Amino acid sequence: MSNYDEDDEQEEQVGLLSSNVLDDEDKNGTYNSKARANGKKGKIEPLEIDEVEVIENMSVVEAKDNRQKRGKNDYESSIVSGCRGLFISIVLAISLSLWLWSDQTAKVYVGVQKYHELRIGDVKHWCLDKKSTFCTCQNPLTPRHRINHKMWKAAHYGNVREATMAGEMGNTDVVFLGDSIIEGWRGLSFGKVNPKKELNTRVFEKLFAKGFGHNADFEGLALGISGDKTFNLLWRLQNGELPDNLHPKIWWLLIGTNDFGHDDKPHCSPEIVLMGVLRVIEELRAARPHTLIVVNSILPRSENGGAVTTPDAKIPTVWEGMLEVNRKLKDYCSNHHNLRYFDATSIFLRQKENTKGIDDQYIPDSLMADYVHPTHKGYQKWGEAIVKEMHNIIDASQAQGKKHSDGLSTEDTDDDALMYLFKQEKGGI
C-alpha cells in the first residue's frame, strides 16, 4: 500500500474514533475522557465538575489549534492555487500571442503602403524547406540587371523601344509585365523570334492587337524577358521599360515563378518571393498612382510530370509555396487601393475524376507542355479570361463614372483607378 493510501486509512480511523467519543453522551450530557484518551468507545461514567472543566478547556485549545491548522492549510492552498492560476494565465497569454502573430503573418505586409516599408529583416525563412539553409536566394528588394547576358541586354533594349513607341502612340489599353511567360506570348525568347512559339503570337494578336486586320477589343503590349525574377523586372522598370509617356488603362503583372528557383535545386521560400512581387507592385503604384494594377496569380507549375504535388514529400512542393504567395497577394490587393487580384489557377489546373484533394490535381500537357509555360491553347484560354475581366473592369468604371456624374458618390467612396479609367475612356486624360 502506498503512503497516500496509508494516510487515507489513518485519517478515516481517527475520524471514526472521534465520532464514537463525541456521539457517546450520558444522561448528564458529559463525555467519557478515558474513552477519548484511549480512542475507544468506553462505558459512560459520571464525571466530576473539575474534570468536565478540564475537558472543556482542552476542547477549546484543540479547537483553536484546529483553526490555526486549517488557516495554515487554507493559506498554503491559496498560494498553490494562486501559482497554478498564474501559470495558466501565462500559458494562455503566450498561446494568444502566438495565435495573433500567426494571424498577422497570414496577412503579412497588408499594412505596407510604400515600397520603403518592406524590410528584408522581416523574412523568417529564406528556403522553402524551413529546415534548410542551402537555397540560393537573393535580396528581392535590390534591383538587379542581367547585362552580362548578351541576349538579355538586347531583349531589354527591345522592350524599352516597344514601351516608348507605345507611349508615343497613346492607344495602349493594357501592358503585361513579367518573365518568359509574358515574353513567350509574343513568340519571343530573349527578344528573338522563336519559331516554336509562332502560334502564341497569333493568339496574342487576335486578342490584343486592334490593327493588322484583327478585331481585338483591346490593344496590348507584352514586356517580358525569359528567366527574369522580381528584382530583374524591378531594374527594368527603373531603367526604361516604364517611360513617362506610357499610360495604359491597366497594368497586368505576372512575376514570381523564377524566384522560387530551379527544380533541381533547393527552392526559395514564399516569403522571399512575396516580398519581391510586392516590391514591384509598389514601384508601379508609386510611378502610376491612379492607374489600376491587376496582379495575376502565379501560374501552376509541376515538378512531377504534371502532378502539382509529390506524394509523401517531406517538404512542401513549389506549387504549395506558390499557393501561399497567391493567397497573400490576394489579401494584399483586397486591402490596397487601385489593385485587383486575378486568379488564373483554374484555367491551367484540372482535378482527377471523383477526387477533391490537391494531391489529385494536375496540369494538362495540352495547356502546358513543359508544365511551366502555356501552350498556344493555354494562352488562348488565359487570354480570353483576361479579356473578359477587362470588360468587367471597364463596365465597373462606367458605372462608377455614372454614379459620380449623377452625384450619387463622393470622393471618399470613389475607386480612384476606376474613375481614372472612366476619364481615360471619355478622353478627359
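Look above for the structure.
The following paragraphs examine the structure supplied in this document. Computed from a predicted structure; not experimentally measured.

Comments concerning the overall build of the chain
Broken down by element type, the chain carries 12 helices and 9 strands. Of all 429 residues assigned to the chain, the portion counted as buried reaches 42%. Looking at the chain alone, contacts between residues at least 24 apart form 69% of all its contacts between residues at least 6 apart. Total accessible area on the chain stands at roughly 24,500 Å², and carbon and sulfur atoms take up 52% of it.

What about the packing of helix α7 (residues 230-238) against helix α8 (residues 270-287)?
In a pair of packed helices, the angle between the axes and the distance between the axes together describe the arrangement. For the pair α7 and α8, interaxial distance at closest approach is 8 Å and the crossing angle is 15 degrees. As far as their axial angle goes, α8 and α7 are roughly parallel. The hand of the α7/α8 crossing is left-handed. From α7, Thr-230, Leu-233, Leu-234, Leu-237 and Gln-238 reach across to α8, where they touch Gly-276, Val-277, Arg-279, Val-280, Glu-283 and Leu-284. Here the contact of α7 with α8 is composed, by residue class, of 6 nonpolar, 3 polar and 2 charged.

Looking at the nonpolar core
In terms of nonpolar packing, the biggest core is built from 76 residues, with Phe-176, Trp-185, Phe-208 and Trp-382 touching the most fellow members. Per-element accounting of this core gives the leading share, 9 residues, to α8. Setting aside its immediate chain neighbours within four residues, Phe-208 contacts Val-174, Phe-176, Trp-185, Ala-216, Phe-218, Glu-219, Gly-220, Gly-383, Ile-386, Val-387 and Met-390. Counting residues in each nonpolar core, the second largest holds 5 residues, with Ala-155, Phe-190, Ile-225 and Trp-235 among its members.

Concerning the packing of aromatic side chains
Taken as a whole and judged by the stated rule, the model has 12 aromatic pairs. Aromatic side chains Trp-185 and Tyr-379 sit 5.2 Å apart centroid to centroid with 20 degrees between the ring planes, which places their arrangement in the stacked category. Taken together, the positions of Trp-185 in helix α5 (residues 180-185) and Tyr-379 in helix α11 (residues 376-405) put the pair 194 residues apart, joining distant regions of the chain. An identical accessibility class is assigned to Trp-185 and Tyr-379; each is buried. An aromatic cluster is built from Phe-176, Trp-185, Phe-204, Phe-208, Trp-252, Phe-342, Tyr-379 and Trp-382, whose rings are joined through pairwise contacts. The residue whose ring lies beneath Arg-144 is Phe-231, and the NZ or CZ to ring-centre distance is 5.4 Å.

Brief notes about the state of the cysteines
Note on terminology: a disulfide is the covalent bond linking the sulfur atoms of two cysteines. The tally for this structure, following the rule as stated, stands at 2 disulfides. Each disulfide pairs two cysteine sulfurs, and for Cys-127 the partner residue is Cys-135, the sulfurs being separated by 1.9 Å. Taking the torsion about the sulfur-sulfur bond, which here is approximately -85 degrees, the covalent link between Cys-127 and Cys-135 counts as left-handed. For Cys-135, a relative accessible area of 12% corresponds to the buried category. Here Cys-137 engages in a disulfide with Cys-268; their sulfurs sit 2.0 Å apart. Taking the torsion about the sulfur-sulfur bond, which here is approximately -115 degrees, the covalent link between Cys-137 and Cys-268 counts as left-handed. You can see Cys-137 sitting in the loop between α3 (49-106) and α4 (150-169) and its partner Cys-268 sitting in the loop between β5 (250-254) and α8, a full 131 residues away along the chain. The connectivity of the disulfide bonds within the chain can be written as 1-2, 3-4, using the sequence rank of each bonded cysteine.

Re the side chain of Ser-269
Note on placement: Ser-269 falls in the loop between β5 and α8. In this structure Ser-269 comes out as buried when scored by relative accessible area, which is 2%.

Calculation criteria
- Counting restarts for each chain: residues are numbered from 1 in the order of the written sequence.
- Given that the model is predicted, a residue must reach a pLDDT of at least 70 before its local features are reported, and side-chain atom pairs must reach 80 or more before they are shown or counted; all residues, however, enter totals for whole chains, interfaces and linings.
- Side-chain numbers here rest on the full set of heavy atoms in the structure, without hydrogens or water.
- Helix and strand definitions follow DSSP, with helices as H or I runs of at least four residues and strands as E runs of at least two, each counted in order from the N terminus.
- Burial status follows relative accessibility: with a 1.4 Å probe on protein chains alone, a residue under 20% of its type maximum counts as buried, one over 50% as exposed, and anything between as partly exposed.
- Whether two residues are in contact is decided by their heavy atoms, any of which lying within 4.5 Å being enough.
- Exposure was quantified through the Shrake-Rupley algorithm and a 1.4 Å probe, taking into account, for residues, occlusion by the shown protein chains and nothing else.
- Helix axes are fitted to C-alpha atoms over the stretch in contact, other axes to C-alpha atoms as well, and angles between N-to-C directions run from 0 to 180 degrees.
- In this scheme, roughly parallel covers angles under 35 degrees and roughly antiparallel covers those over 145, while 65 to 115 is roughly perpendicular and the rest are oblique.
- Take the far helix as your reference; a near helix turned counterclockwise from it by less than a right angle gives a left-handed crossing, and one turned clockwise gives a right-handed crossing.
- By the convention adopted, Pro, Cys, Tyr, Trp, Phe, Met, Ile, Leu, Val and Ala count as nonpolar, Lys, Arg, Asp and Glu as charged, and the other residues, Gly among them, as polar.
- We call a set of buried residues a nonpolar core when its members are Ala, Val, Leu, Ile, Met, Phe, Trp, Tyr or Cys and they connect through side-chain atoms within 4.5 Å of each other.
- Paired rings are identified among Phe, Tyr and Trp, the last through its six-membered ring, by centres lying within 6.5 Å, and are further divided according to the angle between planes into stacked (under 30 degrees), edge-to-face (over 60) and tilted (the rest).
- Only Lys NZ and Arg CZ are tested; either one counts as a charge over a ring when it is within 6 Å of the ring centre and within 35 degrees of the ring normal.
- The definition used for a disulfide is geometric: two cysteine sulfur atoms within 2.5 Å.

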